[in-house]
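Below, each chain spelled out in residue letters.
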Amino acid sequence: MDAQKTARFMESIWDSAIIPALRDYIRIPNKSPAFEPGWEKAGHMEKAVHLFEAWAGEKLKSLPGARLDVIRAAGRTPLILIEVPGNAEGTILMYGHLDKQPEMKGWSDGAGPWEPVIKDGKLYGRGGADDGYAMFASLAALLALKDQNLAHGRVVILIEASEESGSPDLPFYVDHLASRIGTPDLVVCLDSGCGNYEQLWLTTSLRGNLIGNLTVKVLTEGVHSGAASGIVPSSFRIARQLLSRIEDEETGAMNLQPLFVDIPPERIEQARAAAKILGDTVWKEMPFDGGTRPMGSDNVELILNRSWRPQLAVTGMDGYPMPENGGNVLLPYSTLKLSLRLPPSCDGEAARAAVKKALEQNPPYHAEVTFDGPPADNGWNAPKLSPWLAKALEKASHDAFGKPVAFIGEGGSIPFMAMLGAKFPHTQFVVTGVLGPHSNAHGPNEFLHIGFAKKLSACIASILADHGMRAH
C-alpha cells in the first residue's frame, strides 16, 4: 500500500466529507436509552441513524455489491449493518456505536455538547470521538483500498445504538444476524483510546463493569435533626461504613478479594513499556483541580490500577436536596450509585454476588440495606497476536506516524468485545481509538483530535490491506 497516497486520501475525505457529517451528528442529542428512556418518541436516535445511512449509502456506491440495512426489532434500538464483498480470503467485522452519553456540565465558553466547534485541530462536541467517527473511518479505510485497487476480505460493519447503556440490544442482533455476519477472523473496534496522539495504540485489555445502587434506610420519613441526631444513626454514615468493607478509604485500594485476578506477566511488561513512553502523561492528562495529586507516584502502577485492578467510583446520589434546600433534617435514606471497574478476566456475576454479600450482610444498627443493579459486564483480555497482525500493526504505525505501535490496557468497558471474545475464541482483534489525553469522553469538552483520526484511519486501511495479503 502506498502510504503517502493513503495519507492524501484521508486528508481529502476527512476534510470534505467526514468532518461535515460529524458536525451534523454532534448537533443531534441522541442520548443512549439509559439516559433517555423516551428515546423512541424523542426521535433523535432515528435522526442520527438516517444521517449515517445517507452518508454510507452514497459512499457504498463506489464499492460494488455493498449492501446497507437498518435493522429495527420491536422495543430495541436500531442497528446499522453494512456488508462489503471481498476479493481476498477472510471476514473482517468492524464495530462502532452512534448513541451518546448525556450532556454533563462544565463545557468551556463557546462550546457545548450539541454544538460542534473546531479549535486547534480538535472537533469538540458530544459523540464525535465516542464513537460517532467509527463508521466514517471504517468506510474511509475501505475506500482508500479501492482507490489503490487493493484486495481485502469480506467486511461486515456493525453500528449499534445502545453501547453507552451496556449494549443490551446487541446480543440479540448478533444472534439474529449470525448467518450474515459469519465467522470473522479479524475484528476491528474503534471505540477505545490511545496513550498519546503520536503513534498507533493497540488496546490489550478492557475492564469489566459492575453498576448498582446501594440504599441505606433508617427512617420512614425525615425528622428534625435537633430531635433525632444522637438517637437515629445517619444513613450516610452507615453507607460510608459499608463502602469501607470493599474499599480502603485512605488509599482507594479495593479490599474484597474476589474482585482481584493475577495480572499476566506480559501485561505488566506492556505497562512498563507504556509508562516509559508516556511518563507523567499517565496522570497529567487528568484535569486535576488545585493541588490534587494522583493516587500514587509510580506510573507503571497507575497504569495497572486503571487496567488490571478493581476500582470504585460513586457516580450518583439520591435522598439529598441541593445544598440551598438542605434544612435541619436527618434524612430517611441514602442511595449511592456505585460503579466498580473489574479486572479484565474477573467473572462479573461472581464479583456482583461478592459485593452484594459484603454490603448487605450484618448492617450497622440493623438498618435496611440493599444493593441492586443490572447484570455485570465482563471485561476482555486480547488473545496473542498472530505474526501477520503484529507485523501489520508495526508497519501501519511507522507508515502513518513514523513511530512504532504501542500497547496499553484500557480502564473502560466495551461489552461487545467480551461477547465476541467468547463467541469467536480464534479471532484476532484490533481494538483502538481516538480517546487520548484530555479528550474527556463522557465528560465536558469531549473532542476528536482530527489529525490523529486521519492517521488512525490510514492505519486501519493498511491493516485491512495486509489482512488481504496475509495468505501470500
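For clarity, every value in this text was computed on a predicted model and none was experimentally measured. (Residues numbered from 1 in each chain as written. Predicted model: local features only at pLDDT ≥ 70, side-chain atom pairs only at ≥ 80, totals over all residues. Heavy atoms only, no water.)

Undergrad: Would you mind going over the overall build of the chain with me for this structure?
TA: From N to C terminus, the chain includes 15 helices and 18 strands. A compact globule built from 472 residues should have a C-alpha radius of gyration of about 23 Å, and the chain, at 23 Å, falls within 12% of that. Counting only C-alpha atoms, the chain reaches 80 × 50 × 45 Å along its principal axes. A sequence separation of at least 24 residues applies to 81% of the contacts in the chain between residues at least 6 apart. As displayed, the chain offers around 20,700 Å² of accessible surface, 52% of which is attributable to carbon and sulfur atoms. A distance of 3 Å separates the average location of the 45 positive side-chain charges in the chain from that of its 54 negative side-chain charges. (Helix = DSSP H or I, 4+ residues; strand = E, 2+ residues; numbered from the N terminus. Rg over C-alpha atoms; globule rule 2.2 N^0.38 Å. Contact = heavy atoms within 4.5 Å. Areas by Shrake-Rupley, 256 points an atom, 1.4 Å probe, with all protein chains shown as cover. Lys, Arg positive; Asp, Glu negative; His and termini not counted. Charge placed at Lys NZ, Arg CZ, Asp CG, Glu CD.)

Undergrad: What is the right way to read the sheet that holds strand 8 (residues 201–206) from this model?
TA: Within a sheet, neighbouring strands are paired by backbone hydrogen bonds and run either parallel or antiparallel to one another. The 3 strands lie next to each other as 15-8-16, forming an open sheet whose pairing is mixed. At either end of the open sheet lies a strand with only one pairing partner, and these are strand 15 (380–381) and strand 16 (406–410). (Pairing = 2+ DSSP bridges.)

Undergrad: Whenever I open this one, the packing of helix 3 (residues 44–59) against helix 4 (residues 128–147) confuses me. Can you help?
TA: Helix-helix packing is characterised by the crossing angle of the two axes and by the distance between the axes. As a packed pair, helix 3 and helix 4 sit with axes 11 Å apart at the nearest point and diverge in direction by 5°. By the angle between their axes, helix 3 is roughly parallel relative to helix 4. Along the contact surface, helix 3 presents Leu51, Phe52, Trp55, Ala56 and Lys59, while helix 4 presents Gly132, Met135, Phe136, Leu139 and Leu143. The class makeup of the residues in the contact of helix 3 with helix 4 is 8 nonpolar, 1 polar and 1 charged. (Axes fitted to C-alpha atoms, helices over the stretch in contact; angles between N-to-C directions. Parallel < 35°, antiparallel > 145°, perpendicular 65-115°, else oblique. Nonpolar A, V, L, I, M, F, W, Y, C, P; charged D, E, K, R; others polar.)

Undergrad: Explain helix 11 (residues 299–308) to me, please; I cannot follow it from the model alone.
TA: What sets the pattern is the α-helix's 3.6 residues per turn: residues three or four places apart point alike. By the criterion of burial, helix 11 is predominantly enclosed, with 8 of the 10 residues buried. Those residues of helix 11 that sit buried are Asn299, Val300, Leu302, Ile303, Leu304, Asn305, Ser307 and Trp308. Looking at the buried positions of helix 11, the neighbouring elements they touch are strand 8, helix 9 (265–278), helix 10 (281–284), strand 11 (311–318), strand 15 and strand 16. Regarding helix 11, its N-cap is Asp298, as a side-chain oxygen of that residue lies 2.9 Å from the backbone nitrogen of Val300 further along. (Buried < 20%, exposed > 50% of the residue type's maximum accessible area, 1.4 Å probe, protein only. Polar contact = N/O pair within 3.5 Å; in protein donor to acceptor, adjacent residues only side chain to side chain.)

Undergrad: Can you walk me through the side chain of Asp191 in this structure?
TA: When you line up the elements, Asp191 lands in the loop between strand 7 (186–189) and strand 8. Buried and unpaired, Asp191 has no salt bridge, with Arg341 as the nearest side chain of opposite charge at 10 Å. Within the structure, the side chain of Asp191 is placed 3.3 Å from the side chain of His97, a separation counted as a polar contact. Beyond its immediate stretch of four places on either side in the chain, Asp191 contacts Tyr95, His97, Asp130, Asp131, Glu163, Ile414, Thr432 and Leu435. (Salt bridge = Lys/Arg side-chain N within 4 Å of Asp/Glu carboxyl O.)

Undergrad: How should I be thinking about the packing of helix 1 (residues 3–26) against helix 15 (residues 450–469) in this particular structure?
TA: Across the interface, helix 1 lies against helix 15 with an axial gap of 9 Å and an inter-helix angle of 125°. Between helix 1 and helix 15, the angle is such that the two are oblique. Once helix 1 is placed against helix 15, the crossing between them reads as right-handed. Facing Thr6, Met10, Glu11, Trp14, Asp15 and Ile19 of helix 1, the residues of helix 15 in contact are Ile450, Ala453, Lys454, Ser457, Ala458 and Ala461. (Left-handed = near helix turned anticlockwise from the far one by under 90°.)

Undergrad: Sorry, what's going on with the nonpolar core here?
TA: With 94 residues, the main nonpolar core has Trp14, Ile82, Leu98 and Leu448 as its most contacted residues. Examining the composition of this core, we find that 13 residues originate from one element, helix 4, more than from any other. Setting aside residues up to four positions removed in sequence, Leu98 forms contacts with Tyr25, Asn30, Met45, Ala48, Val49, Phe52, Ile80, Ile159, Glu160 and Ala161. With 26 residues, the next largest nonpolar core counts Ala354, Val355, Phe371 and Ala376 among its residues. (Core = buried A, V, L, I, M, F, W, Y, C linked by side-chain atoms within 4.5 Å.)

Undergrad: Which parts of the structure should I look at to understand the pairing of strand 6 (residues 154–160)?
TA: Most of strand 6 sits inside the fold, with 6 of its 7 residues counted as buried. Pairing between strand 2 (residues 79–84) and strand 6: 5 bridges, direction antiparallel. Following the sheet pairing, Leu81 is matched in strand 6 by Leu158. As paired strands, strand 3 (residues 91–97) and strand 6 are joined by 7 bridges and run parallel to one another. If you follow Gly96 over to strand 6, its bridge partner there is Ile159.

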